[in-house]
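As a plain string of letters, each chain reads:
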Amino acid sequence: MLCSHLRVSRQRLLPGLALACLAAPLIAQKAPIQIVADLSEAPRKLYHAEIDLPVSEGEVVLTTPKWIPGNHRPTGPVDDITGVVFTANGQKLPWRRDDVDLYEFHVTIPKGVTTLHAHLDCIVTTRLSQKMATLEWEKLLLYPANTPVREIPIQPSLKVPAGWGIGTALTPESSGAYPVPAAGSTTKYAVTNVEQLEDSPVITGEYFHEFPLAPEVTPKHYIDVVSDFPDDSKLRPSVLAELNNLVREAGAVYSSHHYHVYHFLLTLSDVAGGEGLEHGQSSDNGVGEKGFADDSHQLPESDLLSHEFTHSWNGKYRRPANLYQTDFEKMQQGSLLWVYEGMTQYLGNVLAARSGLKSQEQYRELLALSAAQLDNRPGREWRSTEDTAIAASILRGGNPAWFNWKRGQDYYQEGELLWLDADTLIRKMTGNKKSLDDFQRIFLGKGGDTGPEIVTYTREELIKDLNELMPYDWAQFLHDRVDQPNPRADLAGIEQGGYRLVYRDKPTKSERTLESLGEPRRGLDVWYSIGIRIGGDGVIYDVRWNGPADKARLAPGYKILAINGNIFSNDALKGAIKAAKGGTEPIHLIVQADTFVSPIDIDYHDGERYPALERVNGTPAYLDDITTARTKTEKAPAEKDKTEDE
Ligand SMILES: [Zn+2]
């Protein structure tokens, strides 16, 4: 069915990244490493690997991956690797961990030995359940250190629990084993290299479905789905129609493919956890059990698949030169993540709207939420968007306390606004004859259809490509928006698009939907009024720097016990904000801070405030043009209850 992944990708590298500067391989890499991944104990949170490495006499240094592509962080699972045993000709060989690089193992190979066998186990606690498992190969990889990973041939094999189906972009050696292998069998895949194997995850599960998408398109596209319950992996016909549209819409904009086959890998589970990790020929997507079960649950996930799919072009094929490393040991630098992630955030949302995964109205409502959030993030006064990208590897997760003053990985949403600004600017200056779609032909479509290659770029090359589309001072445009702190978010794209960001006293339909799902990011939204994020139990988890609650000296971790003489409830708080509107009497709170209780007054009188986009009549509605399908879209079947305008 598929082409072989054996081919080692060509690469156009900058001189500074020349492969030759790396130390010579310590192991003669004529024959491929053989690795058998055994997931049959996945329900017990254990993966096993049997690895045969070609070696010759002397010391070898083997390593596990450290910097994981797409994570932009040193998240290699060395701390979960256990049960490591090396043998040769049936004899156990001693090993010693490197004193400095804790990911490396030193083993001395005796004379006459040509194959080193390694056994290892990995303790895996996320992305699996009793009914499914996800394998990101870095969990089991062991290979020669200090060697470009694309130059290390490797042949993977896989064992999964009896009856479980397999979804992956890897090429099976014999097609009969695919996608549900016989009980107890091992599925062998074509030889690839360590870089490609790390980029080729597997999902497997009892309730497995594989659906071909947009069958007229070459190369072939599939979505493979596993779930904890039998019905969830049978995707709704409307979702499949929207994914067919997505494949066609992406082809229309990116005018190229950089894969031999593409597999969306999707897990539906409340246990396995959320995920969105891009790969060149596939993507690892994890949502809750009901993630695509109805329109409401689909809303927060509506751009997940289009975002990760876009990364096959923007991120995997075109990659910032300083983010790419020839092995997984060197740091991947993040300074251009506002392109890698930011432009993907923009395109992923645009493609979701064009495909019907969300409506145009939902697109605008979610954009309003994102723009308002950035525009009310005071950390932007001291920290530039570029700094959130450079510091990406230390900004994920963490405590929500004072998050708005610290900033997070804002290059995603900042990038979305930036590229919307660029798109609408191009449309405005060319009378809507050119757009960022045309730029993608230059930037992402470069070279036409290829296999899974990597073509790196610098900021200068990005600017050159923008100028090729439309001569403009793009260097200054980017500098102004990216390199220096900007107290206000870049709302120019919304305004050039024919809309403006406003605040109303009622949330939009989309915001109400997110709130009804208990979206953890939402909670009770009084962020744009009194300026706190709050849990249902009255505990404050963030306070907007310089907002009314901050001025009243509230702090993260404080718990609101009472409001205007009533015991705390969401309704009591909203009622108090409404009642204080236009008056002079402050909102009276009783709060608990650690073990102390005290009264606090918030002097706020502007009522409830929820972000929305409002049409500016008489201006070109480029935002609507941007979100209109370019191909003949499949209509979603009648069960779909879309709100409007497709
Ligand atoms: Zn991404």
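Check the entry above for the structure.
The notes below deal with the structure included here. Since we're looking at a predicted model, the values are computed, not measured.

## Thoughts on the sheet that holds strand β26 (residues 532-534)
On the basis of which strands lie adjacent, the open sheet formed by 3 strands has the order β25-β26-β27 and antiparallel pairing. Among the strands making up the open sheet, the edge pair consists of β25 (524-526) and β27 (540-543). This sheet shows a mean twist of 15° between the axes of neighbouring strands, independent of strand direction. Of the strand pairs in this sheet, β26 and β27 are connected by 3 bridges, and their pairing is antiparallel.

## Observations concerning empty space enclosed by the protein
The final tally for this structure, using the stated rule, is 5 cavities of 30 Å³ or more. Its volume calculated, the largest cavity comes out at about 240 Å³. In this structure, the largest cavity is lined by 24 residues; those nearest its centre are P69, D199, K316, R319 and I454. Of the residues that constitute the lining of the largest cavity, the class distribution is 8 nonpolar, 9 polar and 7 charged.

## A few points about the pattern of salt bridges
Should their charged atoms come close, side chains of opposite charge can pair. For the structure shown, the criterion picks out 34 salt bridges. Of the charged contacts, one joins R407 and E414 as a salt bridge, the two residues approaching to 2.6 Å between their closest N and O atoms. E414 sits in the buried class, given a relative accessible area of 6%. In this structure, the salt-bridge partner of K446 is D465, at a minimum N-O distance of 3.1 Å. On the criterion of sequence distance, the pair formed by K446 in the loop between α11 (436-443) and β23 (454-457) and D465 in helix α12 (residues 459-469) is long-range, its members being 19 residues apart. Taking relative accessible area as the criterion, K446 reaches 30% and is therefore assigned partly exposed. Residues joined in a network through salt bridges with shared partners are R377, R380, R407, D410 and E414.

The rules behind each value
Residues numbered from 1 in each chain as written. Predicted model: local features only at pLDDT ≥ 70, side-chain atom pairs only at ≥ 80, totals over all residues. Heavy atoms only, no water. Pairing = 2+ DSSP bridges. Helix = DSSP H or I, 4+ residues; strand = E, 2+ residues; numbered from the N terminus. Axes fitted to C-alpha atoms, helices over the stretch in contact; angles between N-to-C directions. 1 Å grid on protein atoms, 1.4 Å probe; cavity = no way out; pocket = protein on both sides within 12 Å on 5 of 7 lines; lining within 4 Å. Points joined across faces, edges and corners; volume = space filled by probe spheres on them. Nonpolar A, V, L, I, M, F, W, Y, C, P; charged D, E, K, R; others polar. Salt bridge = Lys/Arg side-chain N within 4 Å of Asp/Glu carboxyl O. Buried < 20%, exposed > 50% of the residue type's maximum accessible area, 1.4 Å probe, protein only.

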